[in-house]
Amino acid sequence: MDIRIGHGYDVHALTEGLRLVLGGVEIAHTKGCVAHSDGDVVLHAICDALLGALALGDIGKLFPDTSDEFKGIDSKILLRRVCNEVEARGYSISNIDCTIAMQRPKLRPHIDNMRSAIAAVTGLDTDRVSVKATTTERMGFEGREEGVSTHAVVLLTK
């Protein structure tokens, strides 16, 4: 059996008046992510983890922020395209584990919806998708509510 592990990390600045989309779910909040796409740091980190496991670079290589094609794009579309790359190489996603660092809003009420959205795009059962959230105890850019970050780890099998 061929097993590959990938790690992804993404970060976006937050600013007033923009949509906040995390894990494929729009969340009501006063701030949203500054980005070329919809700014979904969770799905971007997952994309990077999957691409990293395959040694295909990162999300910016496949979907450059200089391309109008990706302006405002729903990150679920990007994740589906990355999953197609995984499948085309004969791999399957075994599981996904993500941690979101953000001071506000509280994300616990949205986690199950995020897991379901990610599972729907990747074709996984929800028990193979983990999404966790943490504050940074008001430290760093996340704690000051200047931005949000996500770490993701994936396991691929062939």
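Figured I'd write up the structure that's included with this text.

About the cut-offs
- Residues numbered from 1 in each chain as written.
- Predicted model: local features only at pLDDT ≥ 70, side-chain atom pairs only at ≥ 80, totals over all residues.
- Heavy atoms only, no water.
- Helix = DSSP H or I, 4+ residues; strand = E, 2+ residues; numbered from the N terminus.
- Rg over C-alpha atoms; globule rule 2.2 N^0.38 Å.
- Buried < 20%, exposed > 50% of the residue type's maximum accessible area, 1.4 Å probe, protein only.
- Contact = heavy atoms within 4.5 Å.
- Areas by Shrake-Rupley, 256 points an atom, 1.4 Å probe, with all protein chains shown as cover.
- Salt bridge = Lys/Arg side-chain N within 4 Å of Asp/Glu carboxyl O.
- Pairing = 2+ DSSP bridges.
- Axes fitted to C-alpha atoms, helices over the stretch in contact; angles between N-to-C directions.
- Patch = residues over 30% accessible without salt bridge, like charges linked within 9 Å, V, L, I, M, F, W, Y side chains within 5 Å.
- Phe/Tyr/Trp six-rings, centres within 6.5 Å; stacked < 30°, edge-to-face > 60°.

**Concerning the overall build of the protein**
Line of reasoning, step 1. Assigned secondary structure in the protein consists of five helices and seven strands.
Line of reasoning, step 2. When the helices and strands of the protein are placed in sequence order, the string is β-β-β-β-α-α-α-β-α-β-α-β.
Line of reasoning, step 3. Radius of gyration (C-alpha) of the protein: 15 Å, near the 15 Å computed for a compact globule of 158 residues.
Line of reasoning, step 4. Across the 158 residues that make up the protein, the buried fraction comes to 49%.
Line of reasoning, step 5. Pairs at least 24 residues apart make up 69% of the contacts formed inside the protein by residues separated by at least 6 positions.
Line of reasoning, step 6. Total accessible area on the protein is roughly 7500 Å²; 51% of this is exposed by carbon and sulfur atoms.

**Some remarks on the pattern of salt bridges**
Line of reasoning, step 1. Summed over all chains, the structure comprises 11 salt bridges.
Line of reasoning, step 2. Note that K132 and D97 form a salt bridge whose closest N and O atoms lie 2.4 Å from each other. Here the residue K132 occupies a position in strand β6 (residues 129-134), and D97 occupies one in strand β5 (residues 92-101), the gap between them amounting to 35 residues.
Line of reasoning, step 3. Because the salt bridges share partners, they merge into one network encompassing R104, R138 and E145.

**Side note on the sheet that holds strand β1 (residues 3-16)**
Line of reasoning, step 1. If you trace the five strands from one edge of the open sheet to the other, you get β4-β1-β7-β5-β6, paired in mixed fashion. At either end of the open sheet lies a strand with only one pairing partner, and these are β4 (31-33) and β6. Taken over all neighbouring pairs, the strand axes of this sheet differ in orientation by 20° on average, direction set aside.
Line of reasoning, step 2. Of the pairings in the sheet, the one linking β1 to β4 comprises three bridges and is antiparallel in character. Of the residues in β4, the one forming a bridge with T15 is G32.
Line of reasoning, step 3. Each of β1, β5 and β7 (147-157) is contacted by helix α1 (residues 41-53), which is oriented at about 155° to β1, the strand it contacts most.
Line of reasoning, step 4. Most of the contacts of helix α4 (residues 111-122) go to β6, to which it runs at about 145°, and overall it touches β5 and β6.

**Looking at a nonpolar patch on the surface**
Line of reasoning, step 1. Together, M1, I3, I5 and V153 give the surface a local cluster of nonpolar side chains, amounting to about 470 Å² of exposed area.
Line of reasoning, step 2. Following the sequence through the fold, V153 ends up in strand β7.

**Regarding the packing of aromatic side chains**
Line of reasoning, step 1. Evaluation of the coordinates by the stated rule reveals one aromatic pair.
Line of reasoning, step 2. Look at F63 and F70: their rings are 5.3 Å apart centre to centre, the planes differ by 75°, and that puts the pair in the edge-to-face class. When sorted by exposure, F63 lands in the same class as F70, which is buried.

**Side note on the pairing of β7**
Line of reasoning, step 1. Two strands pair when backbone bridges link them, and β1 and β7 are joined in this way by 11 bridges, in the antiparallel orientation. Its bridge partner being in β7, G8 is matched across the sheet by A152.
Line of reasoning, step 2. Pairing geometry for β5 and β7, over nine bridges, is antiparallel. Bridged to I96 within β7 is V154.

**Observations regarding unusual backbone geometry**
Most peptide bonds are trans, and most residues other than glycine sit at a negative phi.
Line of reasoning, step 1. Put simply, R104 and P105 share a cis peptide bond, and its omega is 0°.
Line of reasoning, step 2. Looking at the element boundaries, P105 is found in the loop between β5 and α4.
Line of reasoning, step 3. Phi at A55 takes a positive value of approximately 60°, unusual for a residue other than glycine.
Line of reasoning, step 4. Of note, A55 is situated in the loop between α1 and α2 (59-62).
Line of reasoning, step 5. Judged by relative accessible area, which is 65%, A55 ranks as exposed.
Line of reasoning, step 6. Located in the positive-phi region is R138, a residue other than glycine, with phi close to 65°.
Line of reasoning, step 7. By the secondary structure assignment, R138 is in the loop between β6 and α5 (140-143).
Line of reasoning, step 8. Residue classification places R138 among the exposed residues on the basis of a relative accessible area of 56%.

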